[in-house]
Amino acid sequence: MDETPSPRGELQIRLLAMPADTNPAGDIFGGWVMAQMDAAGGIAAAGIAQGRIVTVAASTMVFIQPVKVGDVVCVYTALKRVGRTSITLDVEAWVLRQRIGDRLKVTQAEFTFVAVDEQGRPRPVPPQATG
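Residues numbered from 1 in each chain as written. Predicted model: local features only at pLDDT ≥ 70, side-chain atom pairs only at ≥ 80, totals over all residues. Heavy atoms only, no water.

Participant: Before we go on, may I ask you to explain the environment of glycine 101 in this structure?
Facilitator: Looking at where glycine 101 falls in the secondary structure, it is placed in the loop between β4 (86-96) and β5 (103-115). When the C-alpha atoms of glycine 101 and aspartate 71 are compared, they prove to be 8.7 Å apart, with 30 residues separating the residues in sequence. (Helix = DSSP H or I, 4+ residues; strand = E, 2+ residues; numbered from the N terminus.)

Participant: Is there a simple way to think about the sheet that holds strand β3 (residues 72-82) in this case?
Facilitator: One key point about sheets: their strands pair by backbone hydrogen bonds, in either a parallel or an antiparallel sense. Taken in spatial order, the five strands make up an open sheet running β1-β3-β4-β5-β2, and their pairing is antiparallel. With one partner strand each, in any of the chains shown, β1 (10-16) and β2 (53-63) form the two edges of the open sheet. Strand-to-strand twist in this sheet, taken as the mean axis angle between neighbours without regard to direction, amounts to 25°. As judged from the 11 bridges shared by β4 and β5, these two strands associate in the antiparallel manner. Bridging across to β5, isoleucine 87 finds its partner in phenylalanine 113. Strands in contact with helix α1 (residues 30-49) are β1, β2, β3, β4 and β5; relative to β5, the strand with the most contacts, it is inclined by about 50°. (Pairing = 2+ DSSP bridges. Axes fitted to C-alpha atoms, helices over the stretch in contact; angles between N-to-C directions. Contact = heavy atoms within 4.5 Å.)

Participant: Help me understand the pattern of salt bridges in this model?
Facilitator: A side chain with one charge may pair with a side chain of the opposite charge, provided their charged atoms come close. Scanning all chains against the criterion turns up nine salt bridges. The closest approach of N and O atoms between lysine 80 and glutamate 110, which form a salt bridge, is 2.6 Å. With lysine 80 in strand β3 and glutamate 110 in strand β5, the pair connects residues that are 30 residues apart, well separated along the chain. Several salt bridges share partner residues, and in doing so they unite Arg8, Lys80, Arg81, Asp90, Glu92, Lys105 and Glu110 into one network. (Salt bridge = Lys/Arg side-chain N within 4 Å of Asp/Glu carboxyl O.)

Participant: Before we go on, may I ask you to explain the nonpolar core in this structure?
Facilitator: Soluble globular proteins tend to bury their nonpolar side chains together. Among the nonpolar cores identified, the biggest contains 26 residues, and Val33, Met37, Val67, Val73, Val75, Ile87 and Leu89 are the most heavily contacted of them. For this core, the elements supplying multiple residues, two or more each, are α1, β3, β4 and β5. When sequence neighbours within four positions are dropped, the list of residues in contact with valine 33 reads Ile28, Val67, Ala93 and Thr107. In terms of nonpolar packing, the next biggest core, distinct from the first, is built from five residues, Cys74, Tyr76, Trp94 and Leu96 among them. (Core = buried A, V, L, I, M, F, W, Y, C linked by side-chain atoms within 4.5 Å. Buried < 20%, exposed > 50% of the residue type's maximum accessible area, 1.4 Å probe, protein only.)

Participant: Even after reading the chapter, I still don't get the environment of proline 5, so can you show me in this structure?
Facilitator: Looking at the secondary structure, you find proline 5 in the segment before β1. Along the primary structure proline 5 and lysine 80 are separated by 75 residues, whereas in three dimensions their C-alpha atoms are 19 Å apart.

Participant: How should I be thinking about the packing of aromatic side chains in this particular structure?
Facilitator: The geometry of an aromatic ring pair comes down to the distance between the two centres and the angle between the two planes. All told, the structure shown has one aromatic pair when counted by the stated rule. Positioned over the ring face of tryptophan 94 is arginine 103, at 5.9 Å from the centre of the ring. (Phe/Tyr/Trp six-rings, centres within 6.5 Å; stacked < 30°, edge-to-face > 60°. Lys NZ or Arg CZ within 6 Å of the ring centre and 35° of its normal.)

Participant: Where do I start with the pairing of β4 in this structure?
Facilitator: Looking along a regular strand, one sees side chains alternate from face to face of the sheet. Counting buried positions along β4 yields 10 of 11 residues, so the element is predominantly enclosed. The pairing of β3 with β4 spans 10 bridges and is antiparallel. Bridge pairing in β4 places valine 72 opposite leucine 96. In this structure, the hairpin formed by β3 and β4 is closed by a connection of three residues. Between the end of β4 and the start of β5, which pair antiparallel, lie six residues, with glutamine 98 showing a positive phi angle near 50°.

Now the structure itself:
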């Protein structure tokens, strides 16, 4: 049995951590990582909602390890639940150290999105999204 941890869900985005995104200590800003996770969750949620969504919550955010310049950041999403107008996803950020190293989980969180209409009002998530 393989005990190596691996990402849960579907890969949504993959990008390179660059020097412009660092804090004074030389690590990538946590806010930058969170923004990538929000973008990845938004991609997944918009597909499920079949239209426009907005982020309403990011909870249980845990920063496990720092992201370094040169890491390839890979963000995965897994559907947790679908409500009448909301979609909740588990979102994980993993890195490949210096583009070639071991894959490590660096951040995890739960993001909740709401499907909205053209006026920005909540609308029902299409029934086929629930399974």
